[in-house]
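A structural walkthrough
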Amino acid sequence: MNSILPGPAQLATTSQEESHQPRDRGLCALPPATPERDCDKAFVGEGSTLQNDLDEVDKLKSKFMSAWNNMKYSWTVKTKANFSKTSPLYLLGRHYLLDSKEDSEKFQKDFMSRLWFTYRREFQPLEGTLWTTDCGWGCMLRSGQMLLGQGLLLHHMSRAWTCSDTLFASLMEREAQKTISPLKSAGTGLRTLERSRPPRDFSIQLCSTSLADPVKEALHRKIISWFSDHPSAPFGVHQLVDLGKSSGKRAGDWYGPSVVAHIIRKAVEGASEVSELSVYVSQDCTVYKADVERLLGWDIVPCGPKKAVIILVPVRLGGETLNPIYTNCVKEILRLESCIGIIGGKPKHSLYFIGYQDEFLLYLDPHYCQTFVDPAKESVSLESFHCSSPQKISFSKMDPSCTIGLYARSRQEFDVLCEQLTRVRAFLM
């Protein structure tokens, strides 16, 4: 079998049905991720399970847990991450050196342009329940939303897209007003994090350099609105929880990265807003090229229809902790522009990984509870859907259960992706 996808994941030229010979497990010494073993049990949920919505005891329990989690996650105190000026910083296929002001600001705008979905409260109750918040149990769903959101940004715009200068200036000002952490001798925070307040004409400078593209800004808002915490939103928490029922999940349960991968697939399948996009979820850490081609109709039309694909690969990169042998593979995958991130985290704590520097992963954290807002309304600011504070975590603290996300706009891009993954595989040889 000719397989080229790195680590526990492989990419085969045959289809799953056509493959009868034993699979090459040379790159898959560890068991693949499964919803039962590797995801839901590898992570221990923070929220309680709503056993019976009509039971008075459980109603009280859900109300208590909602109130407690709303309070717990409504505020957070974190020290600011310090980044080296001498080592390259990678963010979903782009790299930056923070020794220059220009690169530092480019990185910050790129980071702040990623979609940030967090816990929310005071939204319409989830169907058949009393839950009006996902605080304490919905973090992996939120990480999945961020991964899908990045895929939609690539699909509808491009990797080069960044938020408007006006929004960036607002986020920078918000970041500059936060408490400043002391600098370390070995490294430093980003330049704009070192000062307590921005220059007086900062926003004016940014806004005068270029005008926001109204078409792209409208599309930016529309994409975010698809993730709104409302029953009608195709990728909102109401829809994701409903789709999770077929996997035995209910509101209040904790979702693993493998289960969320399949929920994303079902959500995209049922969304008329993205009819030209499909999601493929690998089985046993193997991506079958023939199955991807069949899914997109490329096996019928030689040139292939103009359909894009998001490839999700649930994997387990170690036993109880991350096996160091996979570190370089994770790094190389995050260096691909076709990478839309990795959902996983650390034990009991889901995170969305989008880059790295040296031996630290860069991530977005959904564990912050915000009040529900409707992003479809023009009067609503989009600031709460973008994070201004980069955070990092050591590779050694990464939970081995995760799902890798990749995107290809066409068959040509898919072929290029396969070639890139062949090179990535060499890091395990």
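Keep in mind that this is a model prediction, so the values were computed, not measured.

Here we take up the overall build of the chain. A tally of regular secondary structure across the chain gives twelve helices and 13 strands. When each of the 429 residues of the chain is scored for burial, the buried share is 57%. Look at the contacts in the chain between residues 6 or more apart in sequence, and 75% of them connect residues 24 or more apart. When the accessible area of the chain is evaluated, it comes to approximately 18400 Å², of which 54% is carbon and sulfur surface.

So, on to the environment of Phe111. Note on placement: Phe111 falls in helix 3 (residues 101-113). By relative accessible area, Phe111 is classed as buried at 1%. Along the primary structure Phe111 and Ile354 are separated by 243 residues, whereas in three dimensions their C-alpha atoms are 9.0 Å apart. With residues up to four places along the chain from it excluded, the contact list for Phe111 reads Leu91, Ile354, Leu362, Tyr363, Leu364, Cys387, Ser388, Ser389 and Pro390.

Before going further, it helps to spend a moment on the pairing of strand 7 (residues 308-316). Of all nine residues in strand 7, nine are buried; the element is thus mostly enclosed. Alternating residues of strand 7 divide into Ala308, Ile310, Leu312, Pro314 and Arg316 and Val309, Ile311, Val313 and Val315, and every residue in both groups is buried. Across five bridges, strand 5 (residues 277-281) lies against strand 7 in parallel orientation. Pairing of Val281 across the sheet is with Leu312, part of strand 7. Bridging between strand 7 and strand 13 (residues 401-408) involves eight bridges; their strand directions are antiparallel. Bridge pairing in strand 13 links Val313 to Ile404.

Taken over all residues, the pLDDT of the chain has a mean of 81, while the share at 70 or more is 72%. Below a pLDDT of 50 lies the segment residues 20-31, which in the model reaches 33 contacts outside its immediate sequence neighbourhood of four places, other chains included.

Two numbers describe how helix 4 (residues 139-156) lies on helix 9 (residues 257-269): the axes approach to 10 Å, and their chain directions differ by 50°. It follows that helix 4 is oblique to helix 9 by the angle criterion. Our pair here, helix 4 against helix 9, has a crossing hand that is right-handed. Residue-level inspection shows Met140, Leu141, Gly144, Leu147 and Leu148 of helix 4 in contact with helix 9, the latter providing Pro257, Val260, Ile263, Ile264 and Val268. A per-class count over the contact of helix 4 with helix 9 returns nine nonpolar, one polar and no charged.

Turning our attention to the packing of aromatic side chains. Aromatic ring pairs are reported here in terms of the distance separating the ring centres and the angle at which the planes meet. In total, this model carries 13 aromatic pairs according to the counting rule given. Each ring, one from Trp226 and one from Phe235, has its centre 6.4 Å from the other, and the planes form 75°; the classification is edge-to-face. In this structure Trp226 comes out as buried when scored by relative accessible area, which is 8%. Taken together, the ring pairs connect Phe117, Trp226, Phe227, Phe235 and Phe385 into an aromatic cluster. The side chain of Lys392 reaches across the aromatic face of Phe83, ending 5.4 Å from its centre. In this structure, Lys392 packs its charged tip against the face of Phe360, placed 4.6 Å from the ring centre.

With that settled, the discussion passes to the packing of helix 4 against helix 8 (residues 237-244). Contact geometry of helix 4 with helix 8 gives a least axis separation of 11 Å together with a crossing angle of 115°. Put simply, helix 4 runs roughly perpendicular to helix 8. Taken as a pair, helix 4 and helix 8 cross one another with a handedness that is right-handed. In this structure, helix 4 uses Leu141, Arg142 and Gln145 to contact helix 8, whose residues at the interface are Val237, Leu240 and Val241. Tallied by class, residues from the contact of helix 4 with helix 8 come to four nonpolar, one polar and one charged.

Attention shifts here to the side chain of Thr129. Along the chain, Thr129 turns up in the loop between strand 4 (120-121) and helix 4. What makes Thr129 buried here is its relative accessible area of 16%. In terms of polar contacts, Thr129 uses its side chain to reach the backbone carbonyl oxygen of Leu126, at 2.9 Å. Looking at Thr129, its side chain comes within polar contact range of the main-chain nitrogen of Trp131, at 3.1 Å.

Moving on: helix 7 (residues 214-225). Its twelve residues give helix 7 an end-to-end C-alpha distance of 16 Å, which sits within 8% of 16 Å, the value for a rise of 1.5 Å per residue. Residues of helix 7 that are buried make contact with helix 4 and helix 5 (165-176). The backbone nitrogen of Val215 lies 2.9 Å from a side-chain oxygen of the residue at the head of helix 7, namely Asp213.

Basis of the calculations
- Residues numbered from 1 in each chain as written.
- Predicted model: local features only at pLDDT ≥ 70, side-chain atom pairs only at ≥ 80, totals over all residues.
- Heavy atoms only, no water.
- Helix = DSSP H or I, 4+ residues; strand = E, 2+ residues; numbered from the N terminus.
- Buried < 20%, exposed > 50% of the residue type's maximum accessible area, 1.4 Å probe, protein only.
- Contact = heavy atoms within 4.5 Å.
- Areas by Shrake-Rupley, 256 points an atom, 1.4 Å probe, with all protein chains shown as cover.
- Pairing = 2+ DSSP bridges.
- pLDDT = per-residue confidence, 0-100.
- Axes fitted to C-alpha atoms, helices over the stretch in contact; angles between N-to-C directions.
- Parallel < 35°, antiparallel > 145°, perpendicular 65-115°, else oblique.
- Left-handed = near helix turned anticlockwise from the far one by under 90°.
- Nonpolar A, V, L, I, M, F, W, Y, C, P; charged D, E, K, R; others polar.
- Phe/Tyr/Trp six-rings, centres within 6.5 Å; stacked < 30°, edge-to-face > 60°.
- Lys NZ or Arg CZ within 6 Å of the ring centre and 35° of its normal.
- Polar contact = N/O pair within 3.5 Å; in protein donor to acceptor, adjacent residues only side chain to side chain.
- Expected span 1.5 Å × (residues − 1).

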